[in-house]
Every structure is written in structure tokens, then in C-alpha cells.
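Observations on the three-dimensional arrangement
Here's the letter readout for the chains.
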Amino acid sequence: MNFGPEMFEAWYRNWNDNFCGDSFTKIIGGKNWAALHLANARKWLFFSWDPVNPGCSISDPSLVDIITRIDRSDNPFVSLLKKYLLKAKAFKADHIDRDRILVLECQKRLAAGFTRDLRLLFEISGPRSNLILIDSEGLILDSAVRFLPGSNQYRTIFPGAQYFPPPPFTGISTVEFAGDPSLDRLKRVKGIGRGLISEIEWNWEDHDPFQWAYLIERIYTPQDQQDMHSFIQLTRDRKNIIAFPEMLSSCSLIGREPLISLDRLVPEGLVRQANRKYEMALSDMFRREKKSITRHLDGLADQYGKASSAEEFRTKGDLLLAYAHEIEQGAREAILNDFQDPHKKITIPLDPHISIVQNAQAFYKLYRKYRIDPEKIRQKMTYLESRIKDLEEEQSSLSLIEDPVCFYNVARDTLSDRCKSLPCQKNRKRPARFDYLPILKYEWGNCWILVGLNSRGNRHLTFREAHGGDLWFHVYEMPGAHVILQGNDTLLSHVNSEILLSLAASLAAYHSKARGSGKVRVIYTEKKNVRAIPGGDTAQVTYKNASSLLIDPFYWKSFLAEKE
């Protein structure tokens, strides 16, 4: 995500209105992030200076806990933040030069009534994004990323150096733009980012140029208390987050609290980055498991083809022993009379480098190897073929998860029992299973709709969570999630029943390979009619007495949007 200077203006006003004077009771961090716990808000002030996913937000402990699980490396800069800012108070915030620089004025009480004034500066500038701690005289105590004189022609970011902001943007002010507003001059306005400029250009016909100038000026000079909180919006390309006094028709609303509205979006950037490694690990795991099963299937297919020939191997061994005295040593084949039909000749290939007795023993060895009952081999092959289908269904279900935090949890759960180590782990020991159940829960009225997100979640829902009278849903003859509708006996009317059936069926269609289809057939039946396939170790099931309905996979989303 990219943030323009106008977002920094919104951040600093939001901090001064709601969090000014709060103190830091705990500080944690990793390679590219730091989180400072706010005593009064009981949430985390989260900073990310990752080159791809920078940002700032007030985030919930649950999300910061996931970031901690992904990366909590020993960063010396985080240790320095603990030394200087732990138990310090953060007073007013400021926005420097209408640039992408946010400043927090901090003060820490020392012994004997003395205090130390500090400033925490957060900069977003692509690969040079940074978090910097400076003292009251403007000297740099340390920074997350250091820049020596040779690496940056404009300034040095190093402990002991004087802090200087980046070179100011050479453009026109919002007041100058208001005097002669036009599309050409819009790109030269100081204090608004490229994302916002692009959206204003897209919506230019919606307002008079002077009205646009008035709205842009309100970013930095709000008219009243209502203007203090801009509309936080996601742009058309979904790459920029902007703050603007008016909701633009081309954007989607995120919220009106600049720091709190981004409580998930900013940390999720780091989660998405970790998910790329998990996606690779999952792909490799599924590839290896399918390759192993395919090899086993090939072996069984060969064994199945030769099982019917097992008696022939024994007969050839018996013939070689019976006529060993008549066969010339070193011969490459022997043509002998069959025991059952003396007029029938049997050609037996021989290895000329070993004795006739050893050739007979080789045929007996083949007999012992392939004398298995063909039906048992067929059953094993059927089971392994179902295992491949299970893996493909599980892989498909994981690829359909859109929420990055949900994907991280499900991917970690899927890998924890089947891999020696997880991505982002330094040690190579098998990870302990963490307390997470891979299911989603939706409540409507007095009922619950539960969705399995992987094979373990499907098994848990169908065979542990669901009761006999609950309804079980699955997309018809395609890989997809198991969905359970609980509490259907509490429905008070036929209307409610129809809505719940449609919601559960839509979720089953959405969490399946049929998501992109217009209408999807979903079958449903009572859970007591669902049985696990004998011998299977995944959520492969059989069912009876099923009904079906056609449903739009996105019906549940539109229904919930209308309710909101």
C-alpha cells in the first residue's frame, strides 16, 4: 500500500484528537516493524518501514500477535526504543513540510524529577522508509535503517548525526492552486500524493474546479470538527490509500478514523509478505505428497498387472527345476513341455550368467512378489486415488482464502503436522501445533453457519462439531469446503429457513472451485446422513437423502452488505 502526504496530515490530527498523552507500556518489534503498546487505548501503535508494505496504524493485540509469530527478530533498534521510550508519554504529533513525515513528541520521566524530551519520526519514502529516534537537540540517537554519506547524497542517517528532513517538494501551495485551479496545475500541488491526484483526475467532472480547490484546501485547513476526520479510501488500483474530505465515487470506503481504520490493512501487508513463503511451502508439500502417492500407484498398477501372471512364474520355476539336467548351461532360453498339456510348449527366458537353479529361484521370487490378491491391490489403488483427490481439494480450498490473516493461520495449521519446519523459522525442529481451529463462523439470528478451511477443519466440523440434526452442505461433485448450519430447529418461519439455506449454500459455493460460476448446484442433507469413507484419513464422505439448490456464490456477501 502507498500513502500520500495527505494521509500523514490525517494521522497527526487523529493522534492529537484521540491518543495525545498516552504512554508506552511495552515495545516489541522485528526486522521491519515496531509496535508500542498504549496504556489507555490498550492497543498497539504499529509502524512498518518495510520497503513494500510501509504504514502506520493503531492495531489490535490479536493481529500484532500474529506479526510477532511471523517475525520477532533481535533488532538492535527495537532494543534502543525500549531503553528510551518504555514508560514514556507521547504528546502531540506533527506533520513536517507537508511531506510524508510524521513526528511524535515524547517525554520520559527520569530520576529526581528530571525529564528527557525525544522525538520519534516516521518516514515513508519507498525503499528508504524509516523510523528515527532523535533527542531534543535534533541529534539522531538511532534509526531502523541507517544511511551513510556515500549512500545518500542529500543527508546522513546515523547515530550522532544531525537530523535533516528530505529535500522539500518544489510545488505550489493549495492556496496558489485555488487561485487558478486546473488539471495541469493539480499535479504540482504540494501536499497531496499521486494516488489522490489520479482519483481527482478520474472524478474531475463531478465538481467545478474551484470546488475541487476548496476540498483540497480543507485537507490542511479543516473548517470544523467534522472535517478533522477525512474519509479514508482505497483507490481503484487498490494500491493507494488516500484521505480526502469527501467520498470519491471511484474509491471504496475504509473508514473515517485514519489510524484505527487501518488497524488491519497495515499489519496485513507484512502478513501477505510472509504468506508468499507459505504458498511456496504448501505448493512444495502438495507436490511432494502427490509425487509419492503417484509412485506408489505406479508400483501397484505394475503389481496389479502381474498379479494374474503369478502362477505362470511358479510354473516356469517348476519346469526349470524338473528339466534342469536337459538345459544347456549358458542358454538364453528354454522351450519345455507344459505339465498340464504335454503338447503345449512354454518358452522361458534365462539369464545365461547364472545357473538353471538360480534362474528357477528368480521365478519363484517373482511368484512370491506378485501372488497378492488382485482385489486387495485394486482397493489400495482406489484409496490412493482418493488421497490425490483429497490433496487437490485441500490445495484448492487454500487457494480460495482471500483474507491474509486467515490464510496464514490455515497454512500454518496445514504445514505444522506435515513439515519439519515452517517458513520464517530459524530452527529446523518440527513446530508445535498452535491453538487455532481452521474454520470460519457466521452468526445470523439464533443460528451458526460454520465453514471448514482445510481437511482438518472439514473433519472437525462434520464429525465433531455437527450434531445429527444439523444441515451439511457441499458443492455438487467439485472440491470445496464442508459447511454446517447449526440451530435450524430454532427457525421461526419459512422465510428465515429459506434465507439460512441460501446463505449456507452460498458459502459452500464460494469456498469451492465453482466460485467463478454464475449459478452453482449445492447439495445438503442432515449430518446424520453423512458418513466417512472407510479407511480414509481425510474428510472424504458419502451421503444419502440429499436435496439440492442453485445459488450464486456471492449471494452471502451481498446479503450481509445489505444488512450493514
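None of the values given here were measured: they were computed from a predicted structure. (Residues numbered from 1 in each chain as written. Predicted model: local features only at pLDDT ≥ 70, side-chain atom pairs only at ≥ 80, totals over all residues. Heavy atoms only, no water.)

**Things to note about the overall build of the protein**
The helix and strand tally for the protein stands at 15 helices and 23 strands. For a compact globule of 564 residues, the expected C-alpha radius of gyration is about 24 Å, and the protein comes in at 34 Å, more than 25% above that figure. Based on the C-alpha atoms only, the size of the protein along its principal axes is roughly 115 × 70 × 55 Å. By the burial criterion, 48% of the 564 residues in the protein qualify as buried. Sequence-distant contacts in the protein: of pairs separated by 6 or more residues, those separated by 24 or more amount to 58%. For the protein, the exposed surface amounts to about 28,600 Å²; the carbon and sulfur share of it is 49%. Mean positive and mean negative side-chain charge positions of the protein (77 and 71 charges, respectively) differ by 6 Å. (Helix = DSSP H or I, 4+ residues; strand = E, 2+ residues; numbered from the N terminus. Rg over C-alpha atoms; globule rule 2.2 N^0.38 Å. Buried < 20%, exposed > 50% of the residue type's maximum accessible area, 1.4 Å probe, protein only. Contact = heavy atoms within 4.5 Å. Areas by Shrake-Rupley, 256 points an atom, 1.4 Å probe, with all protein chains shown as cover. Lys, Arg positive; Asp, Glu negative; His and termini not counted. Charge placed at Lys NZ, Arg CZ, Asp CG, Glu CD.)

**Comments concerning the sheet that holds strand β12 (residues 240–244)**
One open sheet holds the four strands; their spatial order is β1-β12-β11-β13, and the pairing between them is mixed. One side of each edge strand has no neighbouring strand; the edge strands of this open sheet are β1 (2–3) and β13 (252–255). In this structure, strand β11 (residues 231–234) lies alongside β12, joined through four bridges in antiparallel fashion. Within the sheet, the bridge partner assigned to Gln233 lies in β12 and is Ile242. (Pairing = 2+ DSSP bridges.)

**Looking at helix α1 (residues 5–18)**
Counted at 1.5 Å a residue, the expected span for α1 with its 14 residues is 20 Å, and the 20 Å between its end C-alpha atoms agrees. With eleven of its 14 residues buried, α1 lies for the most part within the structure. Restricting attention to buried positions, one finds in α1 the residues Pro5, Glu6, Met7, Phe8, Glu9, Ala10, Trp11, Tyr12, Arg13, Asn14 and Trp15. (Expected span 1.5 Å × (residues − 1).)

**Looking at the nonpolar core**
Membership of the largest hydrophobic core comes to 80 residues, with the highest contact counts inside it found for Trp11, Trp15, Leu45 and Leu85. Formed by 27 residues, the second largest nonpolar core is a distinct cluster that contains Val451, Leu500, Ala514 and Phe559. (Core = buried A, V, L, I, M, F, W, Y, C linked by side-chain atoms within 4.5 Å.)

**Description of the sheet that holds strand β17 (residues 447–452)**
Pairing is antiparallel across the open sheet formed by six strands, whose spatial order is β16-β17-β19-β18-β20-β23. Only two strands of the sheet have a single partner each, and these edge strands are β16 (439–444) and β23 (547–551). Strand after strand, the sheet turns through a mean of 25° between neighbouring axes, direction not considered. The pairing of β17 with strand β19 (residues 483–486) spans four bridges and is antiparallel. When the bridges of β19 are listed, Trp448 appears paired with Gln486. Sheet strands in contact with helix α13 (residues 455–465) are β16, β17, β18 (471–475) and β19, and its direction is about 140° off that of β17. (Axes fitted to C-alpha atoms, helices over the stretch in contact; angles between N-to-C directions.)

**Structural notes on the packing of aromatic side chains**
Following the criterion strictly, the structure yields 17 aromatic pairs and no others. With a centroid separation of 5.7 Å and an interplanar angle of 40°, the aromatic rings of Trp472 and Tyr543 are classed as tilted. Taken together, the positions of Trp472 in strand β18 and Tyr543 in strand β22 (residues 541–543) put the pair 71 residues apart, joining distant regions of the chain. Overall, the relative accessible area of 1% leaves Trp472 in the buried class. On the accessibility criterion, Tyr543 (36% relative accessible area) is partly exposed. Ring geometry for Phe473 and Tyr524: centres 5.3 Å apart, planes at 20°, overall stacked. With Phe473 in strand β18 and Tyr524 in strand β20 (residues 520–526), the pair connects residues that are 51 residues apart, well separated along the chain. The exposure classification of Phe473 matches that of Tyr524, with both residues buried. If you follow Arg98 out to its NZ or CZ, it ends over the ring of Tyr220, 4.0 Å from the centre. A cation over a ring is seen here: Arg515 above Tyr510, with NZ or CZ 3.8 Å from the ring centre. (Phe/Tyr/Trp six-rings, centres within 6.5 Å; stacked < 30°, edge-to-face > 60°. Lys NZ or Arg CZ within 6 Å of the ring centre and 35° of its normal.)

**A short note on the pattern of salt bridges**
Inspection of the entire model under this criterion finds 18 salt bridges. In this structure, Arg378 engages Glu385 in a salt bridge whose closest nitrogen and oxygen atoms are separated by 3.3 Å. A relative accessible area of 29% places Arg378 in the partly exposed class. Looking at Glu385, the relative accessible area reads 35%, which means it is partly exposed. Residues joined by salt bridges that share partners form a network here, namely Arg264, Glu268 and Asp403. (Salt bridge = Lys/Arg side-chain N within 4 Å of Asp/Glu carboxyl O.)

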